[in-house]
Amino acid sequence: YEKKYVVEKHFRIQTLGGLVEAHIQDDTGNLIKVEMGKITFRSNEIPVRGNEREVVDEELDINGKKYRVTCLSIGNPHCVIPMADISEEKARKLGPVIEKHPIFSNRINMQLLKVLDRSNIEIQIWERGAGYTLASGSSSCAAAAAAYRLGLVDNEVNVNMPGGTLFIEIRENNEVYLTGEVEGVCEGYFHADLERKIFGKKS
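Rules behind the numbers
- Residues numbered from 1 in each chain as written.
- Predicted model: local features only at pLDDT ≥ 70, side-chain atom pairs only at ≥ 80, totals over all residues.
- Heavy atoms only, no water.
- Patch = residues over 30% accessible without salt bridge, like charges linked within 9 Å, V, L, I, M, F, W, Y side chains within 5 Å.
- Areas by Shrake-Rupley, 256 points an atom, 1.4 Å probe, with all protein chains shown as cover.
- Salt bridge = Lys/Arg side-chain N within 4 Å of Asp/Glu carboxyl O.
- Helix = DSSP H or I, 4+ residues; strand = E, 2+ residues; numbered from the N terminus.
- Expected span 1.5 Å × (residues − 1).
- Buried < 20%, exposed > 50% of the residue type's maximum accessible area, 1.4 Å probe, protein only.
- Arc of directions from axis to C-beta.
- Contact = heavy atoms within 4.5 Å.
- Disulfide = S-S within 2.5 Å.
- Pairing = 2+ DSSP bridges.
- 1 Å grid on protein atoms, 1.4 Å probe; cavity = no way out; pocket = protein on both sides within 12 Å on 5 of 7 lines; lining within 4 Å.
- Points joined across faces, edges and corners; volume = space filled by probe spheres on them.

## Notes on a nonpolar patch on the surface
- Taken together, the side chains of Phe190, Leu194, Ile198 and Phe199 present a nonpolar region at the surface, about 410 Å² in accessible area.
- Within the fold, leucine 194 resides in helix H3 (residues 192–199).

And the structure:
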């Protein structure tokens, strides 16, 4: 929108996870709502090993300690763990163990969840293959959806992370929408050789 590749405030983006809709919410293009897809708690769709089921408020043993976890997929897998107190230290300690736990056949992202009130939660994030993460759109959606499914919050939730805050809406058909402010952090260009090879452009 900023570079004028699209000029309408409502447009679609083709991603590896499918086609998503984006809605520019202001005149600057800094506030954007994105359709994030549908949530599923089905074990075979996440995936989580064991009998086919919804993985909601299950007990999981981590190094001899029992945790209550809710797992889901929004195109990628997530394990959400509600706690009274969360911290970066806890996320860094639990994240690597949960990511590679044998029950998760394709590894998994982890969110430690603290409920502040019916409209606000706080999370700490560990992403599979990336490690400790300051902010994540899909993790925000996963944590909000898990908290909503557990009856801890309403269907509209502010998700607070060390890297910022996002607003999540969960609709009746399990569709999730994310709204947040964006800003550019870098800009790059394709080398002329790559443009010729990939796009067939002449120098």
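Now that the structure is up, let's keep going.
## Considerations on helix H1 (residues 88–99)
- Along its 12 residues, H1 runs 16 Å from first to last C-alpha, staying within 8% of the 16 Å computed at 1.5 Å per residue.
- Every buried residue belonging to H1 is among Ala91, Leu94, Gly95, Ile98 and Glu99, and all of these are buried. Buried residues along H1 cover an arc of 120° about the axis, so they all sit on one side. For H1, exposure combined with an orientation more than 90 degrees from the buried face picks out Glu89 and Lys93.
- The inward-facing, buried residues of H1 contact strand E4 (58–62), strand E5 (65–73), strand E6 (77–82), strand E7 (109–117), strand E8 (120–127) and strand E9 (131–133).

## Here's the deal with the state of the cysteines
- The full count for this structure, using the stated rule, is zero disulfides.
- Cysteine 141 takes part in no disulfide bond, and the closest cysteine sulfur, belonging to cysteine 71, lies 17 Å away.

## Side note on the pairing of strand E2 (residues 18–24)
- Looking at chain direction, strand E1 (residues 10–15) and E2 are connected through six bridges and run antiparallel. Bridge pairing links arginine 12 to glutamate 21 in E2.
- Hairpin geometry of E1 and E2 is characterised by an intervening segment of two residues between the two adjacent antiparallel strands.
- Of the strand pairs in this sheet, E2 and strand E3 (residues 31–38) are connected by three bridges, and their pairing is antiparallel. Of the residues in E3, the one forming a bridge with histidine 23 is lysine 33.

## Overview of the pattern of salt bridges
- Counted according to the given criterion, the structure contains 16 salt bridges.
- For lysine 66, the salt bridge is made with aspartate 61, and the minimal N-O distance between the two is 3.1 Å.
- The salt bridge partner of arginine 118 is aspartate 154, with a shortest N-O separation of 3.0 Å. Taken as a pair, arginine 118 in the loop between E7 and E8 and aspartate 154 in the loop between helix H2 (137–149) and strand E10 (156–161) lie far apart in primary sequence, 36 residues in all.
- For arginine 118, a relative accessible area of 39% gives the class partly exposed.

## Remarks on the layout of surface pockets
- In this model, the largest pocket occupies a volume close to 640 Å³.
- Lining the largest pocket are 24 residues; nearest its centre among them are Tyr1, Glu2, Lys3, Tyr5 and Ile32.
- Put simply, the second largest pocket is a space of about 330 Å³.
- Lining the second largest pocket we find 14 residues, and of these Thr15, Gly17, Val20, Met36 and Ile74 sit closest to its centre.
- Among the secondary structure elements, those contributing two or more residues to the lining of the second largest pocket are E2 and E3.
- Residue contributions to the lining of the second largest pocket peak at four residues, all from E3.

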